[in-house]
Amino acid sequence: MDRRQLLDRAAQSGEERVLLAHILDKCEQSRQRNIPAATDFLSPAEQRAAQELLHAAAIHEGYAFRGGYERAERKMLFFLPDWQEEADESESMTALRCTYRKEDTLTHRDFLGSLMAQGITREKLGDILVSDGSCDLIVSRDIAPYLLQNVTSAGRVKLSVSEIGLSGLNIPELKVKEIRDTVSTLRLDAVAASGFSMSRGKAQELISSGRVQLNHRETLKADAPVAQGDVVSARGLGKFEVAEVGGLSKKGRTALLLRRYL
C-alpha cells in the first residue's frame, strides 16, 4: 500500500490527513537516517488514528507513545532507530512547575487559557496537572525557555515558574467510581446508558448527535459493539472504561464492571 492509499484508508478528515502525513514523514525520517524522531503531543483521538495508520502500514514495532508519566493522556509518538531500545522522552519534553498561593483556586482551564494567550499551540503541550498551590506542565522542550521567561500569571493570579524535569512531577491521585451493572446487550447505547446513568433513549440521542466517542473515535452508530477494555466518552459527561465483561445472568443479561473517571 503506497503513501496515498494509506492516508485514504486511515484519515477521517482533511485535518487528520495532514497530521497522519506528518507522522509518516517522522517515521520515514527515522528509518532512512537511522535516528530518533518524535511528533508533537497527540490527543487520545490522534494517538488512535496514528495507531490505525501504523497498523495499516504493517509497522508493529520500533515506535512508542510517551507522555512523561505512566497515565499521561496526551503523548508524543517516538520512532526509534534500530540501535535504540527505548524512547528517551526527556530529549523532547520537560516539565515546568507553576506555584501560587493555595488560597487562589485555579483550574486546568485557567492554565490552558494562559498558555494559549501566550501563543502556545495545543500540540506543544502535554498534560496539565493541577494540585493545591501548584500546577505541573508537561511541555515540548523547545518551548520551555520561552515559557520560563514569559508565563507570569494565570488569570489574575501571579505564578512562579521553574523547570523540574519529568522525574519531579506531582501526579494527582486518579479518582474513579466503580459501577457494577447488567445490560441486555453489549451495544454502545446500552453500555453508555449504564456508564452515564441515563436512559437508553437518552444515550441514543447523545450518540446520534455526535457527542459520544468509542475508543476516542466519534461513533454515530448506537449498535456499535463494545468489548472489555474499551473506553467510552461523552462531551460534558466525562468517560469510563469497560473494566470487565462478565457472564450472563439467569435473565440473559451481561454483567459489567465499569470504571468512571471523576
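Let us look at the structure shown here. Note on numbering: residues in each chain are counted from 1, in written sequence order. Where totals are concerned, whole chains, interfaces and linings use all residues; where local detail is concerned, this predicted model gives features only for residues with pLDDT of at least 70, and gives and counts side-chain atom pairs only at 80 or more. Remark: hydrogens and water are excluded; side-chain values derive from all non-hydrogen atoms of the structure.

1. Structural notes on the environment of Gln228
No. 1: Secondary-structure assignment places Gln228 in the loop between strand S12 (217–218) and strand S13 (231–234).
No. 2: Any two residues whose heavy atoms approach within 4.5 Å are treated as being in contact. If we skip the residues at most four places from it in the chain, Gln228 touches Val242, Ala243, Glu244 and Val245.
No. 3: A 3.5 Å cut-off defines polar contacts: any pair of N or O atoms within that distance qualifies, except that in protein one atom must be a possible hydrogen donor and the other a possible acceptor, and neighbouring residues in sequence count only when both atoms are side-chain atoms. Within the structure, Gln228 has its side chain in polar contact with the backbone nitrogen of Val245 (distance 3.0 Å). In DSSP terms, a helix is any run of H or I states spanning at least four residues, a strand is any run of E spanning at least two, and both are numbered starting from the N terminus.

2. Quick notes on the packing of aromatic side chains
No. 1: Pairing of aromatic side chains here covers Phe, Tyr and the six-membered ring of Trp, requires ring centres within 6.5 Å, and sorts the geometry by plane angle: under 30 degrees stacked, over 60 edge-to-face, intermediate tilted. Across all of its chains, the model carries three aromatic pairs by this definition.
No. 2: When the centroid spacing of 5.9 Å and the interplanar angle of 45 degrees are considered together, the rings of Tyr100 and Phe111 count as tilted. Remark: Phe111 occurs in helix H4 (residues 108–117) and Tyr100 occurs in the loop between strand S4 (93–99) and H4; sequence separation between them is eleven residues. As far as the burial class goes, Tyr100 and Phe111 line up, both buried.
No. 3: For the ring pair Phe196 and Phe240, a centre distance of 5.1 Å and an interplane angle of 70 degrees mean the geometry is edge-to-face. Pair noted here: Phe196 is in the loop between helix H6 (188–195) and helix H7 (200–208) and Phe240 is in strand S14 (residues 238–248), with a separation of 44 residues, a long-range link. Buried, partly exposed and exposed residues are distinguished by accessible area as a fraction of the type maximum, computed with a 1.4 Å probe on protein chains only: under 20%, between the cut-offs, and over 50%, respectively.

3. Remarks on the pairing of strand S3 (residues 75–79)
Regular strands have side chains that alternate between both faces of the sheet.
No. 1: Burial analysis of S3 places five of its five residues in the buried class, which makes it a mostly covered element.
No. 2: Side-chain alternation along S3 places Lys75, Leu77 and Phe79 on one buried face and Met76 and Phe78 on a second face that is also buried.
No. 3: Bridge analysis of strand S1 (residues 37–42) against S3 gives four bridges, and the strand direction is antiparallel. Bridge pairing links Ala38 to Phe78 in S3.
No. 4: Note on pairing: two strands pair once DSSP finds at least 2 bridges between them. As paired strands, strand S2 (residues 63–66) and S3 are joined by four bridges and run antiparallel to one another. Residue pairing for S3: Phe65 is matched across the bridge by Leu77.

4. With respect to the packing of H6 against H7
No. 1: The angle between two axes is taken between their N-to-C directions and runs from 0 to 180 degrees, where each axis is a line fitted to C-alpha atoms and a helix contributes only its stretch in contact. Remark: H6 packs on H7, axes separated minimally by 8 Å, with the N-to-C direction vectors making an angle of 110 degrees. Regarding the angle of H6 to H7, the classification is roughly perpendicular. Note that H6 runs across H7; the crossing there is right-handed. For the pair H6 and H7, contact is made by Leu188, Asp189, Ala190, Ala192 and Ala193 and by Arg200, Ala203, Gln204 and Ile207, respectively.
No. 2: Under this grouping Gly is polar, as are all residues other than the nonpolar Ala, Val, Leu, Ile, Met, Phe, Trp, Tyr, Cys and Pro and the charged Asp, Glu, Lys and Arg. The residue makeup of the contact of H6 with H7, split by class, is six nonpolar, one polar and two charged. An angle counts as roughly parallel when it lies under 35 degrees, as roughly antiparallel when it exceeds 145, as roughly perpendicular when it falls between 65 and 115, and as oblique in every other case. Two helices cross in a left-handed way if the nearer one is turned anticlockwise from the farther one by less than a right angle. They cross in a right-handed way if the turn is clockwise.

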